[in-house]
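# Structural overview for review
Listed below are the residues making up each chain.
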Amino acid sequence: MNTEKDFSPLTPNIVRALNDKLYEKRKVAALEIEKLVREFVAQNNSTQIRHVIQILASEFALSQHPHSRKGGLIGLAACSIALGKDSGLYLKELIEPVLTCFNDSDSRLRYYACEALYNIVKVARGAVLPHFNLLFDGLSKLSADPDPNVKSGSELLDRLLKDIVTESNKFDLVAFVPLLRERIYSNNQYARQFIISWIHVLESVPDINLLDYLPEILDGLFQILGDNSKEIRRTCEVVLGEFLKEIKKTPSSVKFAEMANILVIHCQVADETKLTNDLIQLAAMTWMREFIQLAGRVMLPYSSGILTAVLPCLSYDDRKKNTKEAASACNHSLMKLVTPEDDEDDEKCGSTGTSPKADDQSKTEVDSNDMLNASQESIGLSNISFFAPTSTDRPQETLDLDGIVQVLDRHLHDSSTGMMTRIAVLKWVYHLYIKTPRKMFRHTDSLFPMLLKTLSDESDEVILKDLEVLAEIASSPAGQTDQVGSCDSTDVKLVLKVPESAKQGQQPSKAVDSSPSTPSMNSYFYKFMINLLKRFSLERKLLENRGAFIIRQLCLLLHAENIFHSMADILLKEEDLKFASTMVQTLNTILLTSAELFQLRNQLKDLRTQESCTLFCCLYRSWCHNPVATVSLCFLTQNYKHAYDLIQKFGDLEVTVDFLMEVDKLVQLIESPIFTYLRLQLLDVENNPYLIKALYGLLMLLPQSQAFQLLSQRLRCVPNPELMRTVDESRYMDSKQPPVSKRASHTQIDYNELLQHFDHVQSKHLEVRHQRSGRASDHLERKLM
């Protein structure tokens, strides 16, 4: 350095000592500078003071020579000590050259810079707060310094600065937050430790309300929570916990909506193999649970995004039990926020003249513009789904129904969706149909195919929930339209009987998880029945494995008479006769054996009303697809003569092994509790001759098998009519008056017409079988040739 320059008021001795390579000599120069500056302070000579600081900064601290820079740093510290409380007047000039040295390549020089700044700050105390951002910026760099001495020195300075901030009430939080928001996204472990420690300190200061600015740093906090350092994670957990406690204490002042999307992002795990991601997800889910419970309907506009995050967590195993429980609580609380008033928003929108198309456009614009502007260091946003409020013109607490349905539909379509998630999705769909039926029916046509497909699910629980949804769709008054939906080619419309309980308005109240039991059917009911039978036809394994289970549950959820009436009516027009026969056999077995069909069996048993006769005729016409099922229906309805007439016609039918197996099953059924009344009627031989003849007819059809022996033994128990005759009956015989039938009279049924229908249907079956066998023989001949 050129010593010929004029450095007055610094003496040549001071200048030489400052440039010396020995620390002891630079220290002596510093003491001389301190003495000199004290004299200027006593003289109130600010000009000379500034001149000394300017020389030390420009000619020494910012010099190219390392020893000169070290001398300049110790000289600036000496100036600060000499200035004492007046150092606040010169802080900018004192601090800036020192901070510049923080970037020096020489670690020793960085250490001296840190030492100098420590002395400056220690003297100035609260006066340094206007320059806090500069100090914080410099310290954040030194916190990640590779040299341990520099790092140790920066920690001392850091603790001093924290003490000053904690003691003062003049900290400018507004000016600091932008810098904090920028630095919080650092990936450096030491920088993260530095940042989280400062947030912890600021959050604990009563006069500093960092909660107001939490939306700006929350995303960064969750990313720090994923750090590999256990200590950093623990500190971050503590900080988040403190913030959450404060939120619970003062929920009215919390900006829930501004943080909702941040939580949605971090509730979704980008990489499930990292344990730190599990920690982030659990923390975010815990926060989400509290937000929904504290903010209530304020969270509704974000419901689709919340569900995107929450639903997959419901299928977690015990390794993520805490996350699963938090997600379940979120899901349950969010579901409770949906109320019938969410079904009325369209009327309000209609009054403002907003068209649905314009509304959809505004929704798209907001969705694209209101996304969280997170750092590039955030977790990958391309795989994250979250939704913002639909429109600024709407009320703030508006349910994002379209977004919710989209999320639910996506989970139903995803084959990897877990069982508990699928159940939760179906509970949501059902809940929305209960709370917002008018809006939900706009989505029915898009949801319907997937709901039908879900009937093939492996889980019985999923199928049960799916059936509840489909039953609600089929019975909700909101689904009533002028005509049946055009999802099929048939133009048949079914007139359904409305049960007495429905006429009297005895409808049970509906809860989220209760079964839908409104018995009055809407336009979707017939559409449902048609599509269900189509699905059984196309997916025979579903019919074999779950068909009976599905139909029995539908009989519980909806009115059994309507189920059987509609299916029989549809099967009457079924072109696939083999499927029609199989389906009739399935329905007949359910009718005769299921506890759920007890009431319907009793209704058919006596045929006392016009309605029961109409139902019998409807079932009979379809049951004709299966001769044995038709006979069993006649047994059930006590039409024994007609059963005998049908069995007489069996001689003209093609008796196959399958046919004989069905007769075998019917014999087994006759021995079951269902037909107890029929077996007792065998005691009244004279009044039930056709019952006995019909049973003998079945006996003659059977080969001498176990079923033959069973029925033969039963018929041997039929008593001699002479032995069973009572005194009163003997008088009737003497007077040659026929006994009065004990069965109540009912509307006449044209049994001849029914027999003709049976012949017609069976002739069609015979024709189809012959065509099929003809095709098979042709194929065989071609193979032989």
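No experiment lies behind these values; they were computed from the predicted model shown.

### A look at the overall build of the protein chain
Counting secondary structure elements, the protein chain contains 39 helices and zero strands. When the 785 residues of the protein chain are sorted by exposure, 51% land in the buried category. Partitioning the intrachain contacts of the protein chain with sequence separation of at least 6 by distance along the chain shows that 76% fall at a separation of at least 24.

### Let's talk about the side chain of His131
Residue placement: His131 occurs in the loop between α6 (107-124) and α7 (132-142). Judged by relative accessible area, which is 18%, His131 ranks as buried. Discounting residues that sit within four places of it in the chain, His131 has contacts with Leu91, Lys92 and Ile95.

### Section: the side chain of Arg297
As for its position among the elements, Arg297 is in the loop between α14 (275-295) and α15 (303-310). There is a polar contact of 3.5 Å between the side chain of Arg297 and the side chain of Glu341. Those residues within four positions of Arg297 in sequence are excluded, and the remaining contacts are Leu337, Thr339, Glu341, Asp342 and Glu397.

### Points about helix α10 (residues 189-204)
Taking 1.5 Å of rise per residue, 16 residues should cover 22 Å, and α10 covers 23 Å from first to last C-alpha, within 8% of that figure. Its buried side turned inward, α10 meets α7, α8 (148-167), α9 (173-183), α11 (214-224) and α12 (230-249). The N-cap of α10, judged by a side-chain oxygen 2.8 Å from the amide nitrogen of Tyr190 a few residues on, is Asn188.

### Regarding the pattern of salt bridges
One pass over the full model with this rule turns up 35 salt bridges. Lys465 is the salt-bridge partner of Glu468, the closest N and O atoms lying 3.7 Å from each other. One end of the pair is Glu468 and the other is Lys465, both in helix α23 (residues 460-475) and three residues apart, which spans about a single turn. Asp576 is paired through a salt bridge with Arg540; the nearest N and O atoms lie 3.1 Å apart. Of this pair, Asp576 sits in the loop between α27 (560-571) and α28 (577-593) while Arg540 sits in helix α26 (residues 540-557); the two residues are 36 residues apart in sequence, bridging distant segments of the chain. Given a relative accessible area of 29%, Asp576 falls into the partly exposed group. When salt bridges that share partners are traced, they join Asp137, Lys141, Glu182 and Arg183 into one network.

### A look at the packing of helix α32 (residues 640-649) against helix α35 (residues 689-701)
Here α32 crosses α35 at 25°, and the two axes come no closer than 8 Å. If you check the angle between α32 and α35, you find them roughly parallel. The handedness of the crossing between α32 and α35 is left-handed. Contacts between α32 and α35 pair Tyr640, Lys641, Ala643, Tyr644 and Ile647 from the former with Tyr690, Leu691, Lys693, Ala694, Gly697, Leu698 and Leu701 from the latter.

### Digging into the environment of Leu109
Tracing the chain through its elements places Leu109 in helix α6. By relative accessible area, which is 0% here, Leu109 ends up buried. Residues Leu109 and Lys70, spaced 39 residues apart in sequence, show a C-alpha to C-alpha distance of 6.3 Å. Not counting the four nearest positions on each side in its chain, Leu109 is found in contact with Pro66, Arg69, Lys70, Leu73, Cys101 and Asp104.

### Notes on helix α36 (residues 706-716)
When α36 is considered as a whole, its buried residues turn out to be Ala707, Phe708, Leu711, Ser712 and Leu715. Viewed end-on, α36 has its buried residues packed into an arc of 130°, placing them on one side of the element. Turned more than 90 degrees away from the buried face of α36, the exposed residues are Gln706 and Arg716. Considering only its buried residues, α36 is in contact with α33 (657-670) and α35.

### Quick notes on the packing of aromatic side chains
For the coordinates displayed, the defined rule picks out 23 aromatic pairs. When the centroid spacing of 5.9 Å and the interplanar angle of 70° are considered together, the rings of Phe136 and Trp198 count as edge-to-face. Of the two residues, Phe136 is situated in helix α7 and Trp198 in helix α10; the sequence distance between them amounts to 62 residues. Summarising the aromatic geometry, the rings of Phe675 and Tyr677 are spaced 6.1 Å apart at their centres and angled 40° between planes, so their arrangement reads as tilted. By relative accessible area, Tyr677 is classed as buried at 13%. The ring of Tyr112 carries the charged tip of Arg26 above its face, separated from the ring centre by 5.7 Å. Looking at Lys641, its charged tip hangs above the ring of Tyr690, at a distance of 5.4 Å from the centre.

### What about the confidence of the model for the protein chain?
The predicted model of the protein chain averages 84 in pLDDT, with 82% of residues at 70 or higher. Across the protein chain, the element-wise mean pLDDT spans from 36 in helix α24 (residues 500-503) up to 96 in helix α20 (residues 419-435). Note on residues 347-395: pLDDT is under 50 here. Beyond four places in sequence and across chains, it has 71 contacts. This stretch, residues 482-519, has a pLDDT under 50; its non-local contacts, to residues over four places away or in other chains, come to 67 contacts.

### Structural notes on unusual backbone geometry
A cis geometry characterises the amide bond from Ser8 onward to Pro9, with omega recorded as 15°. Relative to the helices and strands, Pro9 resides in the segment before α1 (12-18). One non-glycine residue, Arg125, lies in positive phi territory at about 50°. Mapped onto the elements of the fold, Arg125 is located in the loop between α6 and α7. Given a relative accessible area of 29%, Arg125 falls into the partly exposed group. Of note, the phi angle at Leu607 is positive, near 50°, even though the residue is not glycine. Relative to the assigned elements, Leu607 resides in the loop between α29 (598-606) and α30 (610-623). What makes Leu607 buried here is its relative accessible area of 0%.

### Overview of the environment of Leu294
With respect to the element layout, Leu294 can be found in helix α14. According to the relative accessible area criterion, Leu294 is partly exposed, its value standing at 32%. Once the C-alpha coordinates of Leu294 and Val254 are considered, the two residues, 40 residues apart in sequence, prove to be 9.8 Å apart. Setting aside residues no more than four positions away along its own chain, Leu294 makes contact with Ile247, Lys248, Pro251 and Phe256.

### Details of the nonpolar core
Of all hydrophobic cores here, the largest spans 245 residues; its most connected members are Leu10, Leu221, Trp287, Phe564 and Phe635. In contact with Leu221, not counting residues within four places along its chain, are Ile184, Ile196, Ile199, Leu214, Cys236, Val239, Leu240 and Phe243.

### A word on the environment of Lys321
By secondary structure assignment, the location of Lys321 is in helix α16 (residues 321-337). For Lys321, a relative accessible area of 46% corresponds to the partly exposed category. For the pair Lys321 and Leu282, spaced 39 residues apart in sequence, the C-alpha separation works out to 9.8 Å.

### Regarding the state of the cysteines
Scanning the model with the defined rule gives zero disulfides in all. As a non-bridged cysteine, Cys313 has Cys267 as the owner of its nearest cysteine sulfur, 6.9 Å distant. We classify Cys313 as buried; its relative accessible area is 1%.

Cut-off values and rules
- Residues numbered from 1 in each chain as written.
- Predicted model: local features only at pLDDT ≥ 70, side-chain atom pairs only at ≥ 80, totals over all residues.
- Heavy atoms only, no water.
- Helix = DSSP H or I, 4+ residues; strand = E, 2+ residues; numbered from the N terminus.
- Buried < 20%, exposed > 50% of the residue type's maximum accessible area, 1.4 Å probe, protein only.
- Contact = heavy atoms within 4.5 Å.
- Polar contact = N/O pair within 3.5 Å; in protein donor to acceptor, adjacent residues only side chain to side chain.
- Expected span 1.5 Å × (residues − 1).
- Salt bridge = Lys/Arg side-chain N within 4 Å of Asp/Glu carboxyl O.
- Axes fitted to C-alpha atoms, helices over the stretch in contact; angles between N-to-C directions.
- Parallel < 35°, antiparallel > 145°, perpendicular 65-115°, else oblique.
- Left-handed = near helix turned anticlockwise from the far one by under 90°.
- Arc of directions from axis to C-beta.
- Phe/Tyr/Trp six-rings, centres within 6.5 Å; stacked < 30°, edge-to-face > 60°.
- Lys NZ or Arg CZ within 6 Å of the ring centre and 35° of its normal.
- pLDDT = per-residue confidence, 0-100.
- Core = buried A, V, L, I, M, F, W, Y, C linked by side-chain atoms within 4.5 Å.
- Disulfide = S-S within 2.5 Å.

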